[in-house]
Every structure is written in structure tokens, then in C-alpha cells.
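If you want the building blocks of each chain, they are given just below.
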Amino acid sequence: MRFMIITPRHIRAAREAVGWSQGILAKRAGISQATISSLEGSAGRDGQVSTLAAIENAFASAGVFFTPNGIEWRTGSTYTISGPGWWLRVLDDVEETLSKGGEVVLLFADDRESSPEVVSKWRELRSAGVRMRKFIREDNRFLLGPVDEYRWMPKDKFENRITLLYGDKIAVCAEDNSKAVVIKDQGLALSWRCVVDVLWGALEQPDRSIADVQF
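Residues numbered from 1 in each chain as written. Predicted model: local features only at pLDDT ≥ 70, side-chain atom pairs only at ≥ 80, totals over all residues. Heavy atoms only, no water.

Some thoughts on the layout of surface pockets
What the largest pocket holds in volume is close to 410 Å³. Mapped by element, the contributors of at least two residues to the lining of the largest pocket are α5 (86–97), β4 (102–109), α6 (116–127) and β5 (130–137). Looking at the lining of the largest pocket, its residues break down into 10 nonpolar, four polar and seven charged. (1 Å grid on protein atoms, 1.4 Å probe; cavity = no way out; pocket = protein on both sides within 12 Å on 5 of 7 lines; lining within 4 Å. Points joined across faces, edges and corners; volume = space filled by probe spheres on them. Helix = DSSP H or I, 4+ residues; strand = E, 2+ residues; numbered from the N terminus. Nonpolar A, V, L, I, M, F, W, Y, C, P; charged D, E, K, R; others polar.)

Structure follows, in C-alpha cells:
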């Protein structure tokens, strides 16, 4: 249930705060630019709950939140990325968060599930200087990157639910692959990274790749 009304003033103020055009907001929220334009106009109070939630989550990813008095910045946040194309928008969030370089870690990954659009996005991230480490199921040799970027997880410990660690964020994908819940918390991310480093040193690196292409 929503406890406040998001007005056109809220949306315009938030866009100005983060420097987003209507088009950028539409892309990050997974809705059309025409919808954003309508919400910022006379129909601003009539948006569907799901649409307004998508807009709130998009701004939350940038640390901006709506309040009855306007907007406010927060250093920690939790938001959801869902709807059509949600996984590509998760990778867009990775790209924005690591715009100055860094590393993304994927737990329970499987390159065989990557669509051509996702493969293209991974290539963009690599070209932008983003480093990658992936934990995959034992004996999976379909690798779209160099073998030293992968570690095998025991089959009986492998869950089909991707978790990403990037910058100060952790993204956990829902079991039905319909959305990701992102937690922005520097301390929590650091704790996870310590665990990842221990696992990385303990697990076996794949011996070869059988994929025809790489990121």
C-alpha cells in the first residue's frame, strides 16, 4: 500500500537532482518516455501503482527518495528491478555503479543462459574496464570469459539463483527469475567480498572452455 502521492513536482525534482532526462528515467524504470511525460503533466497523480513503484525504484538506485516534502538523498537503500527486460536493467545498474571501473562478482552463474543482448552487454562492461569473477556449477565448461575468471562450486551447493556483488551493492535475483532486489550498503558489500575472496581461493578453477566465443 502506498502512503503518499507522487506528484509531477516529485518526479521533476528527482530527475533534476540526478541529472536524468525523461528518456534516461524511462530506460531505468522499464517504462515508456511517453508515460514519464504524462506523469509529469496534468495526469501526474493518476499513474498506476506498478508504474510509480518502478519510478521510485529507479530513483532509489541513485540514492534519491520521495518524501511528503519533496526528495531526499540517502547513502543506503533497497530497491527492486523488475518488469520486462529486468535483467538487462540490472546490468545497466552494474554499468552505472562501476562507471569508473571495478569488479562484478556473480554467484550461481551460467553463461549458457545468456541471451545475445546479455552477451553484448557483458562485452560493453568489459570494454569499460569492469573486471569479472563468476562462481559456476562444477563441471560446467561453457565459459564466455577466460578460465581464470571462474571457479567451480560443488553440484550439491549450487543454487539456480544469481547473486551479484558490485561496488557497494548486492543484487539477489528472485527464484522465479522475475526481478532482482538490490541492497546498497557499503559495510554489507565489504563483508560479502571477504567471503567471496575466501571461496575464490578454496575452489577449483575450470580446466578449459568449450564455448565458441568469449565476452
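Anyway, onward from the coordinates.
Brief notes about the nonpolar core
A general feature of soluble globular proteins is that nonpolar side chains tend to end up buried together. Of all hydrophobic cores here, the largest spans 32 residues; its most connected members are W87, V104, W122, L164 and Y166. Sort the elements by how many residues they give to this core and α5 lands first, with five residues. Among residues more than four places away in sequence, those in contact with Y166 are Y79, D93, V94, T97, L98, E103, V104, A171, V182 and R193. Among the nonpolar cores identified, the runner-up in size contains 16 residues, and W20, L25, L39 and A58 belong to it. (Core = buried A, V, L, I, M, F, W, Y, C linked by side-chain atoms within 4.5 Å. Buried < 20%, exposed > 50% of the residue type's maximum accessible area, 1.4 Å probe, protein only. Contact = heavy atoms within 4.5 Å.)

Focus: the packing of helix α2 (residues 22–29) against helix α4 (residues 49–60)
Orientation of α2 relative to α4, taken along the N-to-C sense of each, is 100°, at an axis distance of 8 Å. Classified by the angle their axes make, α2 and α4 are roughly perpendicular. Across from L25, R28 and A29 in α2, the residues of α4 making contact are A54, I55, A58 and F59. Residues that form the contact of α2 with α4 fall into these classes: six nonpolar, no polar and one charged. (Axes fitted to C-alpha atoms, helices over the stretch in contact; angles between N-to-C directions. Parallel < 35°, antiparallel > 145°, perpendicular 65-115°, else oblique.)

A few points about the packing of aromatic side chains
Summed over all chains, the structure comprises five aromatic pairs. Ring centres 5.7 Å apart and planes at 75° place the aromatic pair F59 and F66 in the edge-to-face group. The pair formed by F59 and F66 is uniform in burial state, with each residue classed as buried. Ring centres of W86 and W87 lie 5.9 Å apart, and the angle between their planes is 70°; on these two criteria the pair is classed as edge-to-face. The pair formed by W86 and W87 is uniform in burial state, with each residue classed as buried. Here the aromatic cluster, defined as three or more aromatic residues joined through ring pairs, consists of W20, F59 and F66. One cation-aromatic arrangement involves R74 over F65; the distance from NZ or CZ to the ring centre is 4.2 Å. Directly above the aromatic system of W200 lies the positively charged group of R133, at a separation of 5.1 Å from the ring centroid. (Phe/Tyr/Trp six-rings, centres within 6.5 Å; stacked < 30°, edge-to-face > 60°. Lys NZ or Arg CZ within 6 Å of the ring centre and 35° of its normal.)

Observations regarding the side chain of T163
The topology assignment puts T163 in strand β7 (residues 163–166). Judged by its relative accessible area of 8%, T163 is buried. Those residues in contact with T163 that sit more than four places away from it in its chain are V105, L106, L107, I170, A171, V172 and W192.

Things to note about α6
For α6, which comprises 12 residues, the first-to-last C-alpha distance of 16 Å matches the rise-based estimate of 16 Å (1.5 Å per residue) to within 8%. Taken together, the buried positions of α6 are V118, V119, K121, W122 and L125. For α6, the angular spread of buried residues about the axis comes to 160°, placing them on one side. In α6, the exposed residues that point more than 90 degrees away from the buried face are P116 and S127. Where the residues of α6 are buried, they touch α5, β4 and β5. Of the residues one or two after α6, G129 is the one with positive phi, at around 95°. (Expected span 1.5 Å × (residues − 1). Arc of directions from axis to C-beta.)

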